[in-house]
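# Understanding the architecture of this molecule
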There are 2 protein chains.
Amino acid sequence: MPYAIPDYVLPTINRQVLLTARPDGIPRPGHFTIVEAQIPAPGEEQILVRNIYLSVDPAQRGWCSAEANYSAPVALGAPMRGLAVGVVVQSRVGGFSEGDFVYGFFGWQDYAAVGPQAVLHRADDNLPLDAFGSLLGINGITAYLALTRLGRPEPGDTLVVSTGAGSVGSFVGQIGRHLGCRTVAVAGGPAKAARCLERFGYDAAIDYHDDDIGSALAVAAEDGVDIYYDNTGGPILDAVLRQMAVAGRIVQCGTASIASWTPAPTGPRNEREILTRRLVWSGFVIFDHIGRYAQAASDMARLWQEGKVLYDTDLATGIEAAPGAIARLYAGDNAGKLLVYIG
Amino acid sequence: MPYAIPDYVLPTINRQVLLTARPDGIPRPGHFTIVEAQIPAPGEEQILVRNIYLSVDPAQRGWCSAEANYSAPVALGAPMRGLAVGVVVQSRVGGFSEGDFVYGFFGWQDYAAVGPQAVLHRADDNLPLDAFGSLLGINGITAYLALTRLGRPEPGDTLVVSTGAGSVGSFVGQIGRHLGCRTVAVAGGPAKAARCLERFGYDAAIDYHDDDIGSALAVAAEDGVDIYYDNTGGPILDAVLRQMAVAGRIVQCGTASIASWTPAPTGPRNEREILTRRLVWSGFVIFDHIGRYAQAASDMARLWQEGKVLYDTDLATGIEAAPGAIARLYAGDNAGKLLVYIG
């Protein structure tokens with residue numbers, strides 16, 4: 001157990017962030033209500049987890065929506081679905097003990113009584129505790145698995161990453177560089193573009209606010225793009241897709257925030273590009289790949305320990321910061337993985 | 001050598017179909033000129049082939065176009081690039097003998113002097129000669145390799161095929177059925193839809209002239225589409241893509257004829273579908289897979305011999321039929337693989 005628990009008094013109530021209004025687009029503070037509830041008692045084969053870091057993830061936008069998605073919507077009036085890093089304070093499950101640190105689906109609340117299947121990862125690697133919500137969180141593990149399994153990088157490949165400084169993209173760029181790729185970030189604004197170059201070691205960064213992406217890519221990826229790791233879709237995708245090299249791979253890992261995809265907005269047709277360039281365009285959702293989580297986490301921990309990959313955490317403090325946190329992701333004003341410290 | 005050469009006199013001139021005007025869309029008779037030339041003498045390491053069946057393939061539309069594609073355009077004034085089944089009448093290459101039957105890039109002409117790399121397949125399986133331009137032609141081998149390698153069919157999968165009665169699609173449906181898939185054809189018109197059911201054994205056929213594809217698929221593929229083998233793109237693709245099952249595969253093997261893809265026409269954006277359904281959308285061009293041709297041809301020959309797959313040839317006669325033949329493909333009035341017999 002690498003983490004000392006501070007000598008503090010555990011809260012005697014369970015503060016919960018409930019989803020109380022269905023957002024039409026990005027969830028904002030008005031869609032949530034913070035209430036106080038009793039601390040649940042763990043049932044048989046459950047653990048009681050005290051959350052320390054609440055994770056703020058783009059997937060939560062989809063979970064708030066009533067539209068069909070890869071997960072069922074969060075019910076109105078229920079605690080917001082969310083990942084968290086926490087500590088086991090009571091265990092009725094073999095293999096879990098009081099004092100174990102865990103990362104998983106514990107919701108936006110102080111306490112969660114959950115079965116072991118809610119735990120995505122045991123926080124027993126030798127890392128700072130916030131790393132389990134970032135480097136080894138779904139963002140870091142998504143970057144690792146989607147890039148290596150769907151992107152299939154080879155040394156010398158040109159890898160383009162949208163939201164190159166983001167909580168997924170920053171890892172994709174660093175892992176790609178470590179694997180011998182030439183890395184090109186697409187980022188919004190000069191500060192983020194500079195951060196891509198200086199902090200995450202990209203070979204080039206394109207500011208999509210200012211640059212024409214097609215022309216910029218013709219310079220930054222003159223032999224074509226072998227891998228496009230796409231976190232945004234939209235016009236950035238349209239531009240990069242037309243610069244793909246033959247046999248290139250597009251990894252679809254996220255899409256931009258729009259009010260509704262039903263009916264879908266229009267854009268340039270892509271089937272001729274897919275055919276003539278013989279592309280492979282794949283969608284990645286981490287929850288299909290849970291069986292590979294532990295190995296990927298071990299690999300990512302090693303990369304951090306060897307100084308190959310760094311991570312940044314943007315910490316908000318207090319559960320009151322949670323309701324506005326998803327919107328901050330989409331405003332793009334976070335620098336690093338957004339976590340809410342409630343410990 | 002399974003084929004008797006008829007006791008006829010070989011032509012003493014070389015009739016050639018030259019591309020003499022650049023089509024803006026579909027190549028039509030006015031874009032070609034038939035001329036008479038001398039029979040070429042094979043150089044060192046060349047064979048002289050007398051063509052018997054000229055193959056008519058959708059890829060020839062692209063080869064006629066000046067637009068960038070996966071093959072260089074045919075030069076104006078040059079013999080039309082095309083596949084053919086022929087017989088070696090003179091050989092200066094080890095391993096090829098007079099009387100060998102071959103299938104390859106011999107052009108739309110009576111005679112071709114070519115190196116051995118122009119030969120795609122040796123016609124030494126025990127099959128009717130026209131089968132080498134159909135069952136074992138690029139259409140049949142494309143169907144086999146693209147379906148098995150990119151579509152990755154599993155027993156019980158639902159497979160939808162556009163141009164389900166076509167020279168590629170008819171094989172895709174039959175191979176898929178043999179591999180245990182539920183097969184659904186999309187075809188244009190009641191006669192073709194009936195042919196899909198009666199001749200190629202599809203479980204269901206949707207006439208896109210008459211049926212709303214989305215509603216028809218909701219019935220014919222009620223659990224979603226596991227594999228969409230797309231030969232058309234366009235509105236059929238748009239409809240099927242929105243009925244894909246999670247982890248479904250789209251194989252892009254062809255696109256409809258439009259005047260130009262630059263700039264691309266617009267259609268519904270697909271990145272959200274790719275992501276949330278975790279699709280894999282891949283482009284297939286047979287010429288990337290030549291190393292697998294012989295094995296695939298052997299498998300297809302066996303499937304025909306066992307009665308699992310049948311093939312239909314639509315035979316035109318005389319080289320004069322060649323210039324109008326590509327347009328016939330796009331008019332959709334051929335029933336079976338279109339070959340021009342000039343033997």
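All residue numbers refer to position in the chain's written sequence, counted from 1. To label them, take the chains in the order written and letter them from A, then take the ligands in the order written and number them from 1. For this predicted model, a pLDDT threshold of at least 70 governs which residues receive local features, and a threshold of 80 or more governs which side-chain atom pairs are given and counted, while totals over whole chains, interfaces and linings are taken from all residues. Water and hydrogen atoms were dropped before computing side-chain values, which therefore reflect all heavy atoms in the structure.

This part is about the side chain of Gln174 of chain B. Residues and elements named next belong to chain B. Its location among the elements puts Gln174 in helix H3 (residues 169-178). Two N or O atoms form a polar contact when they lie within 3.5 Å of each other; inside protein one atom must be a possible hydrogen donor and the other a possible acceptor, and for residues adjacent in sequence the pair counts only when both atoms belong to side chains. Here Ser170 takes part through its backbone oxygen, which lies 3.1 Å from a polar atom of the side chain of Gln174. Non-local contacts of Gln174, meaning those with residues more than four positions away in its chain, are made with Phe200, Lys308, Val309 and Leu310. Starting at the N terminus, helices and strands are each numbered in turn, a helix being any DSSP run of H or I of at least four residues and a strand any DSSP run of E of at least two. The criterion used for residue contact is that any of the two residues' heavy atoms lie within 4.5 Å.

Turning our attention to the packing of aromatic side chains. The aromatic pairing rule takes the rings of Phe, Tyr and Trp, using the six-membered ring of Trp, and pairs them if the centres are within 6.5 Å, calling planes under 30 degrees apart stacked, those over 60 edge-to-face and the rest tilted. Following the criterion strictly, the structure yields 13 aromatic pairs over all chains and no others. Taking 5.4 Å as the distance between ring centres and 10° as the angle between the ring planes, the aromatic pair formed by Trp281 of chain A and Trp281 of chain B counts as stacked. Of this pair, Trp281 of chain A sits in strand S14 (residues 280-283) while Trp281 of chain B sits in strand S14 (residues 280-283), placing the two residues on different chains. Judged on exposure class, the residue Trp281 of chain A and its partner Trp281 of chain B are both buried. For the ring pair Trp63 of chain B and Phe287 of chain B, a centre distance of 6.4 Å and an interplane angle of 45° mean the geometry is tilted. Taken together, the positions of Trp63 of chain B in helix H1 (residues 59-64) and Phe287 of chain B in the loop between S14 and helix H8 (293-305) put the pair 224 residues apart, joining distant regions of the chain. Remark: exposure states derive from per-residue accessible area (1.4 Å probe, protein chains only) relative to the maximum for the residue type, with buried under 20%, exposed over 50%, and partly exposed in between. Overall, the relative accessible area of 1% leaves Trp63 of chain B in the buried class. Following the ring pairs from residue to residue traces out a cluster consisting of Trp63, Phe105 and Phe287 of chain A. In this structure, Arg122 of chain A packs its charged tip against the face of Phe96 of chain A, placed 4.1 Å from the ring centre. Lysine NZ or arginine CZ positioned within 6 Å of the ring centre and within 35 degrees of the ring normal marks a charge as sitting over the ring.

Turning our attention to the relation of the copies chain B and chain A. Only residues with pLDDT of at least 70 in both copies count here: their C-alpha atoms drive the least-squares fit that superposes the copies. It takes a turn of 180° to lay chain B on chain A, together with a shift of 0.0 Å along the axis; the resulting RMSD is 0.0 Å. Accordingly, the operation relating the two chain copies is best matched by a two-fold axis. When C-alpha distances to the rotation axis are compared across chain B, the minimum falls at Trp281 of chain B, with a value of 2.5 Å. Comparing contact sets, 100% of the residues at the interface of chain B also lie at the interface in chain A, consistent with an isologous, same-surface contact.

A pair of packed helices is captured by two measures, namely the crossing angle of their axes and the spacing between those axes. Residue and element names in this part refer to chain B. Fitted lines through C-alpha atoms give the axes, limited to the stretch in contact for helices. The angle between two N-to-C directions lies from 0 to 180 degrees. Direction vectors running N to C along helix H2 (residues 138-151) and H8 enclose 95°, while the axes themselves pass 10 Å from each other. Taken together, H2 and H8 sit at an angle that is classed as roughly perpendicular. Contacts from Ile138, Gly140, Ile141, Tyr144 and Leu145 in H2 reach Tyr293, Ala296, Ala297, Asp299 and Met300 in H8. In the scheme used here, Gly and all other residues not listed as nonpolar or charged are polar, with Ala, Val, Leu, Ile, Met, Phe, Trp, Tyr, Cys and Pro taken as nonpolar and Asp, Glu, Lys and Arg as charged. A per-class count over the contact of H2 with H8 returns eight nonpolar, one polar and one charged. Each angle gets one of four labels, with under 35 degrees taken as roughly parallel, over 145 as roughly antiparallel, 65 to 115 as roughly perpendicular, and the rest as oblique.

Here the focus is the domain arrangement of chain A. A common way to report how large an interface is uses the accessible area buried once the components associate. All names here are of chain A. A domain assignment, automatic or from a database, supplies the domain bounds used here. Domain annotation of chain A identifies domain 1 (14-134 + 312-341) and domain 2 (142-287). On a C-alpha basis, the centres of domain 1 and domain 2 stand 29 Å from each other. Just to be clear on terms, a salt bridge is a Lys or Arg side-chain nitrogen sitting within 4 Å of an Asp or Glu carboxyl oxygen. Our count for the contact surface shared by domain 1 and domain 2 stands at two salt bridges. Between Asp312 and Arg199 there is a salt bridge, with the nearest N and O atoms lying 2.5 Å from each other. In this structure, the connection of domain 1 to domain 2 is made through four residue pairs in polar contact (both at pLDDT 80 or more). Looking at side-chain class alone, the side of domain 1 that touches domain 2 contains six nonpolar, four polar and five charged residues.

Moving on, we come to the pattern of salt bridges. Residue and element names in this part refer to chain A. One pass over the full model with this rule turns up 31 salt bridges over all chains. Between Arg302 and Glu306 there is a salt bridge whose closest N-O contact spans 3.7 Å. Among the residues examined, Arg302 registers a relative accessible area of 38% and is labelled partly exposed. By relative accessible area, Glu306 is classed as partly exposed at 42%. A single salt-bridge network, built from bridges that share partners, covers Asp299, Arg302, Glu306 and Lys308.

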